[in-house]
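Letter by letter, the chains look like this.
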Amino acid sequence: MNRFMPRALMAPAIGTLFLWMIVPLAMTLYFSAIRFNLMQPDVTGFAGLENFEYFMTDASFWPAVMNTVLLLGSVIVITVVMGVGLALLIDAPFPGRGLVRVLLISPFFVMPTVNALLWKHMMMNPIYGVLAHVWQAFGAQPVDWLTDWPLLSVIIMISWQWLPFATLIFMTALQSLNREQLEAARMDGANYLQQLRYMVLPHLGRSVAVVVMIEMIFLISVFAEIFTTTSGGPGDASTNIAFLIFKQALLNFDAGVASAGALFAVVLANIAAIFLIRLVGKNLD
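Residues numbered from 1 in each chain as written. Predicted model: local features only at pLDDT ≥ 70, side-chain atom pairs only at ≥ 80, totals over all residues. Heavy atoms only, no water.

Trainee: What's the story with the packing of helix H8 (residues 150-175) against helix H11 (residues 205-219) in this structure? I'm lost.
Mentor: Pairs of packed helices are described in terms of their axes, by the angle between the two and the distance that separates them. At a closest axis distance of 10 Å, the pairing of H8 and H11 adopts a crossing angle of 150 degrees. For the element pair H8 / H11, the angle class is roughly antiparallel. As for how H8 packs across H11, the hand of that crossing is right-handed. Packed against H8, whose contacting residues are Ile158, Trp162, Phe165, Ala166, Ile169, Phe170 and Ala173, the element H11 presents Ser207, Val208, Val211, Ile214, Glu215, Phe218 and Leu219 at the interface. Of the residues assigned to the contact of H8 with H11, the class counts are 12 nonpolar, 1 polar and 1 charged. (Axes fitted to C-alpha atoms, helices over the stretch in contact; angles between N-to-C directions. Helix = DSSP H or I, 4+ residues; strand = E, 2+ residues; numbered from the N terminus. Parallel < 35°, antiparallel > 145°, perpendicular 65-115°, else oblique. Left-handed = near helix turned anticlockwise from the far one by under 90°. Contact = heavy atoms within 4.5 Å. Nonpolar A, V, L, I, M, F, W, Y, C, P; charged D, E, K, R; others polar.)

Here it is in structure tokens:
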């Protein structure tokens, strides 16, 4: 009875969570194995692996994969490097440090669509954007960011939004750093770079692994920024896996191929998650 009662009380919650996860996955598996195009309702039946073949032989598939990898790698490198730098800058006490920390963290609470619109119209517009005025102040021709550098523009937008998250994690980790060890190293003649290399950065190793894992999982499904700004273009210049699935589902009305693409994204995310969980586990050991 002592064992049965806790399990009985947890069963409704566990069952609901299980159904919440398994039903969409089962439906995705089902649709990926049949012919289901809303523009051709008369074409039905078992498709086997045809949907997967169609999705992976699409002309936009490999550009989307490369763009996804490039976007993930660039955003992670930018947020980790700049996050560590900002955390170190605001770690020491100074007047107004609390306000500065709040301002640094606030972009993370901006919704992705609002973030994209802000950068599209306020910052990167080639006529009245802030960056256009900066370019003109130096006598240079303003850059049409979303046309000339679409993927870089998306990377900048996402990095700006995720940088506060990384900064917050690193800032919190620095609070647990042993200050007595730093003082002892300073008294033994270690300069700032030596302290940073041998004490501060190893201490941040676990935090870096956690930030990389969380960002990797969430950034695979980046969609709002691309849809709001570049719509995957010009051509496939800023199309990632998530946007390619959207194109197949809502632009081509092919739910079967879109489901196959969604399963591909799930497999890709799980591979990355397994690798990163092992990386975090090694850091915890």
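Trainee: When you look at the nonpolar core in this model, what are you seeing that I'm missing?
Mentor: Note that soluble globular proteins tend to have their nonpolar side chains buried in a common cluster. The biggest cluster of nonpolar side chains holds 39 residues, and the ones touching the most others in it are Leu71, Ile158, Phe170, Val200 and Leu219. Among the elements of the structure, helix H3 (61-89), H8, helix H9 (179-187), helix H10 (192-203), H11, helix H13 (241-251) and helix H14 (255-284) are those that each provide at least two residues to this core. A per-element tally of this core places H8 first, with 11 residues. Beyond its immediate stretch of four places on either side in the chain, phenylalanine 170 contacts Thr79, Val80, Gly83, Val84, Ala87, Leu204, Ser207, Val208 and Val211. (Core = buried A, V, L, I, M, F, W, Y, C linked by side-chain atoms within 4.5 Å. Buried < 20%, exposed > 50% of the residue type's maximum accessible area, 1.4 Å probe, protein only.)

Trainee: For this particular structure, what's the right way to read the environment of lysine 120?
Mentor: In this fold, lysine 120 is placed in helix H5 (residues 112-123). Accessibility expressed as a relative area gives 24% for lysine 120, which makes it partly exposed. What lysine 120 contacts, discounting residues up to four positions off in sequence, is Asn125, Leu146, Thr228 and Thr229. One polar contact links the side chain of lysine 120 to the main-chain carbonyl oxygen of threonine 228, over a distance of 3.2 Å. (Polar contact = N/O pair within 3.5 Å; in protein donor to acceptor, adjacent residues only side chain to side chain.)

Trainee: Looking at this model, I keep getting lost on the packing of aromatic side chains. Mind explaining?
Mentor: The geometry of an aromatic ring pair is captured by two quantities: the separation of the ring centres and the angle between the planes. Under the criterion given, the structure shown has 15 aromatic pairs. Ring centres of phenylalanine 31 and phenylalanine 36 lie 5.3 Å apart, and the angle between their planes is 20 degrees; on these two criteria the pair is classed as stacked. Centre to centre, the rings of phenylalanine 223 and phenylalanine 227 are 5.5 Å apart; their planes meet at 20 degrees, and the pair counts as stacked. Overall, the relative accessible area of 28% leaves phenylalanine 223 in the partly exposed class. Ring pairing ties together the aromatic residues Phe55, Phe61, Trp62 and Phe264, which thus form one cluster. (Phe/Tyr/Trp six-rings, centres within 6.5 Å; stacked < 30°, edge-to-face > 60°.)

Trainee: Before we go on, may I ask you to explain a nonpolar patch on the surface in this structure?
Mentor: Side chains of Phe18, Leu19, Ile22, Val23, Leu25, Met27 and Leu29 sit close together on the surface and give an oily, nonpolar patch of about 610 Å² of accessible area. By the element assignment, leucine 29 lies in helix H1 (residues 4-32). (Patch = residues over 30% accessible without salt bridge, like charges linked within 9 Å, V, L, I, M, F, W, Y side chains within 5 Å. Areas by Shrake-Rupley, 256 points an atom, 1.4 Å probe, with all protein chains shown as cover. Salt bridge = Lys/Arg side-chain N within 4 Å of Asp/Glu carboxyl O.)

Trainee: I tried to follow the packing of H3 against H11 on my own but got confused; where do I start?
Mentor: The interhelical angle for the contact between H3 and H11, taken along N-to-C directions, is 145 degrees, at an axis separation of 10 Å. When the axes of H3 and H11 are compared, the crossing they make is right-handed. Residues Leu71, Leu72, Val75, Ile76, Thr79 and Val80 of H3 touch H11, and the partners they reach there are Val208, Val211, Val212, Glu215, Met216 and Leu219. Residue composition of the contact of H3 with H11, grouped by class: 10 nonpolar, 1 polar and 1 charged.

What is shown is where atoms sit, not what they do.
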